[in-house]
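If you want the building blocks of each chain, they are given just below.
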Amino acid sequence: MLGAIKTVGVYVEDQAKAIDFYVEVLGFEVRRRMQMGADAEWVEVAPPGAETCLVIYPRALMPDWAERKSSLVFYCPDVRDTVETLGERGVTIAMEPGDLPWGTFAAIEDPDGNWLGLTDQEIAYAS
């Protein structure tokens, strides 16, 4: 009945700045961009090859954005190397890589303070 996750909303103060972060710094690609009224756009970004997109959604259009914060975790095969590379690009490291029972985990921050988790735990697929 349900398929893959299509989008996850990330609520941002400055939409253009957030798009630049995800595209230029993290290497995501813009998958969809449509006008959403006079002051904003619907913008979906995703890592190359990913099924799920992030919607970079202006906080101004969502009065209860603070209660709707996302919890996002991305798979990456080498968390430590990824954190080092992103740190060199000026990305804020919210949590240094650490070993947990299920794998290595770290977290980075986007310009709006949203934490993005990074793990080397394999993605689980339905059998």
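Procedures and definitions
- Residues numbered from 1 in each chain as written.
- Predicted model: local features only at pLDDT ≥ 70, side-chain atom pairs only at ≥ 80, totals over all residues.
- Heavy atoms only, no water.
- Pairing = 2+ DSSP bridges.
- Helix = DSSP H or I, 4+ residues; strand = E, 2+ residues; numbered from the N terminus.
- Axes fitted to C-alpha atoms, helices over the stretch in contact; angles between N-to-C directions.
- Contact = heavy atoms within 4.5 Å.
- Buried < 20%, exposed > 50% of the residue type's maximum accessible area, 1.4 Å probe, protein only.
- Polar contact = N/O pair within 3.5 Å; in protein donor to acceptor, adjacent residues only side chain to side chain.
- Salt bridge = Lys/Arg side-chain N within 4 Å of Asp/Glu carboxyl O.
- Patch = residues over 30% accessible without salt bridge, like charges linked within 9 Å, V, L, I, M, F, W, Y side chains within 5 Å.
- Areas by Shrake-Rupley, 256 points an atom, 1.4 Å probe, with all protein chains shown as cover.
- Lys, Arg positive; Asp, Glu negative; His and termini not counted.
- Charge placed at Lys NZ, Arg CZ, Asp CG, Glu CD.

1. Quick notes on the sheet that holds strand β6 (residues 92-100)
Move 1: Sheet architecture is open: 4 strands sit in the order β5-β8-β7-β6, paired in mixed fashion. Edge positions in the open sheet fall to β5 (72-75) and β6, since each of these has one partner strand only. Along the sheet, successive strands turn relative to each other by an average axial angle of 20°, direction set aside.
Move 2: Each of β6, β7 (103-109) and β8 (115-119) is contacted by helix α2 (residues 79-88), which is oriented at about 170° to β6, the strand it contacts most.

2. Topic: the side chain of Asp112
Move 1: Topologically, Asp112 is positioned in the loop between β7 and β8.
Move 2: You can call Asp112 buried: its relative accessible area is 16%.
Move 3: Within the structure, the side chain of Asp112 is placed 2.8 Å from the backbone nitrogen of Glu13, a separation counted as a polar contact.
Move 4: Ignoring any residue separated from it by four or fewer positions in sequence, one finds Asp112 in contact with Tyr11, Val12, Glu13, Asp14, Ala18 and Arg59.

3. Observations concerning the pattern of salt bridges
Move 1: All chains considered together, the criterion is met by 7 salt bridges.
Move 2: With a closest N to O distance of 2.8 Å, Arg31 and Glu29 form a salt bridge.
Move 3: For Glu29, a relative accessible area of 31% corresponds to the partly exposed category.
Move 4: A salt bridge links Asp112 to Arg59; its shortest N-O distance comes to 3.9 Å. Of this pair, Asp112 sits in the loop between β7 and β8 while Arg59 is found in the loop between β4 (53-58) and β5, placing the two residues 53 residues apart along the sequence.

4. Focus: a negative patch on the surface
Move 1: Taken together, the side chains of Asp78, Asp81, Glu84 and Glu88 make up a negatively charged region of the molecular surface.
Move 2: With respect to the helices and strands, the residue Glu88 is situated in helix α2.
Move 3: For Glu88, a relative accessible area of 63% translates into the label exposed.

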